[in-house]
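In case you want the letters, here they are:
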There are 2 protein chains.
Amino acid sequence: MPPSQVFLYDTTLRDGTQAEDFNLSLTDKIRVALKLDDLGIHYIEGGWPGSNPKDEEFFSEIRNYALKRAKIAAFGSTHHPSKRAEHDPNLHALVEAKTPVVTIFGKSWTVHVKEALRTTLEKNLEIIRDSLAFLRPQVSTLFYDAEHFFDGFREDSEYALATLEKAVEGGAECLVLCDTNGGNLPSFIQEAIKAVQERFPNVPLGIHAHNDSDLAVANSLAAVEMGASQVQGTFNGVGERCGNANLCSIIPALCVKMNIPCLDPEDLRKLRQVSRFILEIANVPPNRYQPYVGRSAFAHKGGVHISAVERHPSTYEHIDPALVGNKRRFLISDLSGRAGVQRKAMEFGIPISSKDPVALEVLNQIKELEHQGYQFEAAEASFELLINRAMGRFKKYFELIGYRVVDQKFSEDGDPVSEATIRVRVGGQEEHTAALGRGPVNALDNALRKALEKFYPELKGMVLTDYRVRVLPGKEGTASKVRVLIESHDGKERWGTVGVSHDILEASWQALVDSINYKMYMAEKNQEKKGCGEK
Amino acid sequence: MPPSQVFLYDTTLRDGTQAEDFNLSLTDKIRVALKLDDLGIHYIEGGWPGSNPKDEEFFSEIRNYALKRAKIAAFGSTHHPSKRAEHDPNLHALVEAKTPVVTIFGKSWTVHVKEALRTTLEKNLEIIRDSLAFLRPQVSTLFYDAEHFFDGFREDSEYALATLEKAVEGGAECLVLCDTNGGNLPSFIQEAIKAVQERFPNVPLGIHAHNDSDLAVANSLAAVEMGASQVQGTFNGVGERCGNANLCSIIPALCVKMNIPCLDPEDLRKLRQVSRFILEIANVPPNRYQPYVGRSAFAHKGGVHISAVERHPSTYEHIDPALVGNKRRFLISDLSGRAGVQRKAMEFGIPISSKDPVALEVLNQIKELEHQGYQFEAAEASFELLINRAMGRFKKYFELIGYRVVDQKFSEDGDPVSEATIRVRVGGQEEHTAALGRGPVNALDNALRKALEKFYPELKGMVLTDYRVRVLPGKEGTASKVRVLIESHDGKERWGTVGVSHDILEASWQALVDSINYKMYMAEKNQEKKGCGEK
């Protein structure tokens, strides 16, 4: 019997970062956690405090934020065979993480007890019970991850069940059954869960699947069909080896296909955006073929499909793409696009009607720019400037006459030297100056600021807080197009801008210019508002 | 009851090429077909002869090759409602393809009959029977693809079954049930198949699944568990929208986990190589996380894991990677000590003892470089060069005297111009040259190649296939450190190199230089190997 509700347990920050080539800094982890909280994920596993200092810092830092809905979980192992629970530094680190949830994992598979833990089967049972019993009075929610449960169940089902028995004795509120090596088939997952339910009819179960057999989503759903009420996974399925169960695929299957509540429909619409946000943060290119949230997931080739899809979308679409914040794609200008522009403009306080030809112009410009590789999800300031330009409301703060950036290296071991010269015109005045930098982009940035601060001293209060470069897909090697995303901050506001070019300096230039223009534009906008308020 | 054997039906050449961004020329298709034949795939769907001329050419061209085991299939639709079967050009094109197998698809879903085919339910039944009956005497093997079968079965199970009835009457030897929109869950797939088997107990069944729900592999295996003996899919899961069922995941599950014969074990060992071959032909970068055949599929990161895996591989590996031609890898970022360096060096064929002081030196260098932001997971070539340097085995192929890169923009809307000059010394000779580029990195790349190709013409065969830039965490804005990862390819091998600097040109330079050095070093290494063999 499927459960009446499924609780989502995200481990992108812990198991996800075990993936080859997927790394998050402390700041990244905080930003991802806040995003997951905003989406409505129930549990966010932040790390393993006993295993590395970055994870400890995360737990101490995240306490400064008031989460809306999510509970943070700390992850760790049962105590070391040579120590007693109360003297085990790993268990103490879990308590010190001061999280509302602690998830502790133990061994279910006899081979692992002997070969990895190097202790006796009997001792392992004690270790599990004692570790949980030690934590129980000190933490508010306690979950148990039964590592390698399914492999253990195949090898020695009685022993695997005995380990769960000890976890329940120790106070586990949920038994999370793990397919750690990702090798099991859905039919076996269901067979094993049946045996667990016969033994523990009243204990909530969870599932933690890996994708080594391309079955992590199927195995998770198979467990839910049997009654599992907690699903552990990661966004975009990142994780060790072939990854973890992909929450981006599991969540819509639960909500839309199995009608099991886990996210509010309104939150479900953010799914694609959150998926992309996390990839942007980790600077990993999205997989266009990704189910539900990928760019190709609802892409229809022209002709016969289109009219059928328009009259009866379900003829060629397994779900309505809007449910997960994705879009149907084919080449027609649809009204929802214009309405979208209008909605966005309203957000910025720019009144515009969806029938206004400006809305269509903006829409066409965006399509063209996106085709070129621009992306506005993390660059709303550039988007706002674009709308203003289309409406003829854009004021020009300066004009570029020209720049030149020189980067030289004088010997094999010598440090490179970067210098930029720039000429700009502000009002009637021309400024011609130069600056050095740590690398050519920095030199250009320094020169531009030096030239403009003379006219606009308020730019001194503005700093760049983030600078990201993404090489766009293509087969052009060092001639590939790059997208530069810049985040700026002036002590009050933060804003993002974007630039795209084959030339990284040109792309950086576009984003820098937008960033400076936005700063000036905001100052005027606030001036106007103030004016209104004082009337 | 699972069948005693599964027949593999590959549609990479037909449904696979419906994927966005996956294209094959006629020559490519022939090469892929020969490779699939060599692997032991039973049926190869070559295209839709009625729909495009390239597919017709394929069928005429492939007849010039003597295939060892595979049978070629031509694909097409039932006849047009306005025509009689014997006058339908599409059916004639199928006959003229002269393939041993013809696969014909028809409508199972009432909505599609009315909305897409625009005919009556009764007429559709006739169309199916007549189309197959027309083909039956003219082709040696005839399969029927029941398009949208599962969606049709949900909507009107009686009608869906009636369409199959007509296909059997027309002479279909196998009923292939299609999840065309990819929206169904494994439990429903099994429920529908059960009903089909009750109605047609003696007709072989097949499954054709799409991956829109991330369940195509699970749905295919669920069908086989029920008794389906034909599995249709594509290599690497390419296909329309989110792709088709991935044969690279299905084949090993059948052979290794379900013990259902479909490929000989000796052929199974070619799986990874065939997967990569097809991606190379299509010029699509491989997905490192792909189950079974991906580069990360058997990559171990954690320190604890490594020692356990070495003693008992099954503790952290769901199958022996060699069964599918893959390899275990230990990730460099977590080399737990000197033994790790030794192990990695052995992987590269460099003999080194863990007691050798060189191992300690390498370890210290790696720690220092990782601290600076280098990362060797995707840059094993840089790592191999580093070991060689530490061992004093590194040969210098050229020396940099200096470079200068200039990037200029002459007006606000003007395109930037990038130029690089370079001086290098090779042997006693100096080369001083210059090149333009699309952006400063490309200009530097072009100038370096221009300078060196004179001395090393083999560099002409080497191309950059991937160029990635990651801004390292920090609050330095445009002065942030960047890490550049480059992947190069010379038609046979692919290798990754890395560079880190505050200056993106310097970071790119480091990775480019390593890439070129590695190419030269490999050529010598292969020369040495050849020398040994000839003794």
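Residues numbered from 1 in each chain as written. Chains lettered and ligands numbered in written order. Predicted model: local features only at pLDDT ≥ 70, side-chain atom pairs only at ≥ 80, totals over all residues. Heavy atoms only, no water.

On to the domain arrangement of chain A, then. What the domain assignment lists for chain A is domain 1 (7–263) and domain 2 (398–455). Of note, the centres of domain 1 of chain A and domain 2 of chain A, computed from C-alpha atoms alone, are 52 Å apart. (Domains from an automatic or database assignment.)

In this section: the pattern of salt bridges. Under the counting rule described, the total for this entry stands at 68 salt bridges over all chains. Where Glu430 of chain A meets Arg423 of chain A, a salt bridge forms, and the shortest distance between an N and an O atom there is 3.1 Å. We classify Arg423 of chain A as partly exposed; its relative accessible area is 32%. Between Glu317 of chain B and Arg328 of chain B there is a salt bridge; the shortest N-O distance is 2.8 Å. Residue Glu317 of chain B is located in the loop between α13 (303–311) and β10 (329–330), and its partner Arg328 of chain B is located in the loop between α13 and β10; the two are separated by 11 residues in the primary sequence. (Salt bridge = Lys/Arg side-chain N within 4 Å of Asp/Glu carboxyl O. Buried < 20%, exposed > 50% of the residue type's maximum accessible area, 1.4 Å probe, protein only. Helix = DSSP H or I, 4+ residues; strand = E, 2+ residues; numbered from the N terminus.)

Another point: a nonpolar patch on the surface. A grouping of Phe410, Val417 and Leu436 of chain A is seen on the molecular surface, where their side chains present a nonpolar patch of about 310 Å² in accessible area. Checked against the element boundaries, Val417 of chain A lands in strand β10 (residues 417–426). (Patch = residues over 30% accessible without salt bridge, like charges linked within 9 Å, V, L, I, M, F, W, Y side chains within 5 Å. Areas by Shrake-Rupley, 256 points an atom, 1.4 Å probe, with all protein chains shown as cover.)

Right, let's get into unusual backbone geometry. Residue and element names in this part refer to chain A. Even without glycine at this site, Tyr292 takes up a positive phi of about 70°. Examined against the element boundaries, Tyr292 turns out to sit in the loop between α12 (271–282) and α13 (304–311). Residue class for Tyr292 comes out buried when judged on its relative accessible area of 0%.

The subject of this paragraph is helix α10 (residues 247–257) of chain B. Residue and element names in this part refer to chain B. With respect to burial, α10 is a largely interior element, nine of its 11 residues being buried. Along α10, the positions that sit buried rather than exposed are Leu247, Cys248, Ser249, Ile250, Ile251, Pro252, Ala253, Leu254 and Cys255. Where α10 is buried, its residues touch β1 (7–10), α9 (216–226), β8 (230–233), α11 (265–268) and α12 (271–282). Here α10 starts with a cap whose side-chain oxygen sits 2.9 Å from the backbone nitrogen of Cys248, and that cap is Asn246. (Contact = heavy atoms within 4.5 Å. Polar contact = N/O pair within 3.5 Å; in protein donor to acceptor, adjacent residues only side chain to side chain.)

Okay, the interface of chain A and chain B next. On the chain B side, the residues contacting the 102 residues of chain A number 101 residues. For the pair chain A and chain B, the summed buried area comes to about 8,900 Å², and 50% of that belongs to carbon and sulfur atoms. Counting across the interface, chain A meets chain B through eight salt bridges. Where chain A touches chain B, the interface holds 41 residue pairs in polar contact (both at pLDDT 80 or more). In terms of residue class, the side of chain A that touches chain B is built from 38 nonpolar, 33 polar and 31 charged. (Buried area = accessible area lost by both parts, 1.4 Å probe. Nonpolar A, V, L, I, M, F, W, Y, C, P; charged D, E, K, R; others polar.)

This part is about the UniProt feature "domain: Pyruvate carboxyltransferase" (unreviewed entry) in chain A. UniProt records the feature "domain: Pyruvate carboxyltransferase" (unreviewed entry) for residues 6–269 of chain A in the present numbering. The straight-line gap between the two end C-alpha atoms of residues 6–269 of chain A is 18 Å; of that span, 44% is helix and 17% is strand. (UniProt positions renumbered as here; feature names shortened; annotations may be inferred.)

Further remarks concern a negative patch on the surface. On the surface, Glu56, Glu57, Glu61 and Glu96 of chain A cluster together into a negatively charged patch. Inspection of the secondary structure assignment puts Glu56 of chain A in helix α2 (residues 53–62). (Lys, Arg positive; Asp, Glu negative; His and termini not counted. Charge placed at Lys NZ, Arg CZ, Asp CG, Glu CD.)

Moving on: the sheet that holds strand β7 (residues 205–209) of chain B. Residues and elements named next belong to chain B. Read around the closed barrel, the eight strands follow the order β1-β2-β3-β4-β5-β6-β7-β8; overall the barrel is parallel. Here the strands of the sheet are splayed against their neighbours by 25° on average, with no regard to which way each runs. The strands touched by helix α3 (residues 89–96) are β3 (71–77) and β4 (101–107); relative to β3, the strand with the most contacts, the crossing angle is about 175°. Packed on one face of the sheet, helix α5 (residues 121–135) meets β4 and β5 (141–147) and runs near 175° to β4. (Pairing = 2+ DSSP bridges. Axes fitted to C-alpha atoms, helices over the stretch in contact; angles between N-to-C directions.)

The subject of this paragraph is the sheet that holds strand β14 (residues 463–471) of chain B. Residue and element names in this part refer to chain B. An order of β14-β15-β16 is seen for the three strands of this open sheet, with the pairing classed as antiparallel. In this open sheet, the two strands that pair with only one neighbour each are β14 and β16 (494–501). Strand-to-strand twist in this sheet, taken as the mean axis angle between neighbours without regard to direction, amounts to 15°. Looking at chain direction, strand β15 (residues 482–489) and β16 are connected through eight bridges and run antiparallel. Looking at β16, one finds that Arg483 is bridged to Val500.

What follows concerns the environment of Lys270 of chain B. Residues and elements named next belong to chain B. Turning to its location among the elements, Lys270 is positioned in the loop between α11 and α12. In this structure Lys270 comes out as partly exposed when scored by relative accessible area, which is 25%. Considering only alpha carbons, one finds Lys270 and Asp38, 232 residues apart in sequence, at a separation of 9.4 Å. Contacts of Lys270, omitting those with residues within four sequence positions, involve Asp38, Leu39 and Arg69.

Attention shifts here to the pairing of strand β2 (residues 43–47) of chain A. A regular strand places its side chains on the two faces of the sheet in alternate fashion. Residues and elements named next belong to chain A. Counting buried positions along β2 yields five of five residues, so the element is predominantly enclosed. Of the pairings in the sheet, the one linking strand β1 (residues 7–10) to β2 comprises two bridges and is parallel in character. Each bridged residue has a counterpart across the sheet, and for Asp10 the counterpart in β2 is Ile44. Taking the sense of rotation as the criterion, the β-α-β connection linking β1, helix α1 (residues 26–39) and β2 turns out right-handed. Judged from the four bridges that link them, β2 and strand β3 (residues 71–77) form a sheet pairing that is parallel. (Right-handed = clockwise from strand over helix to strand, strands pointing away.)

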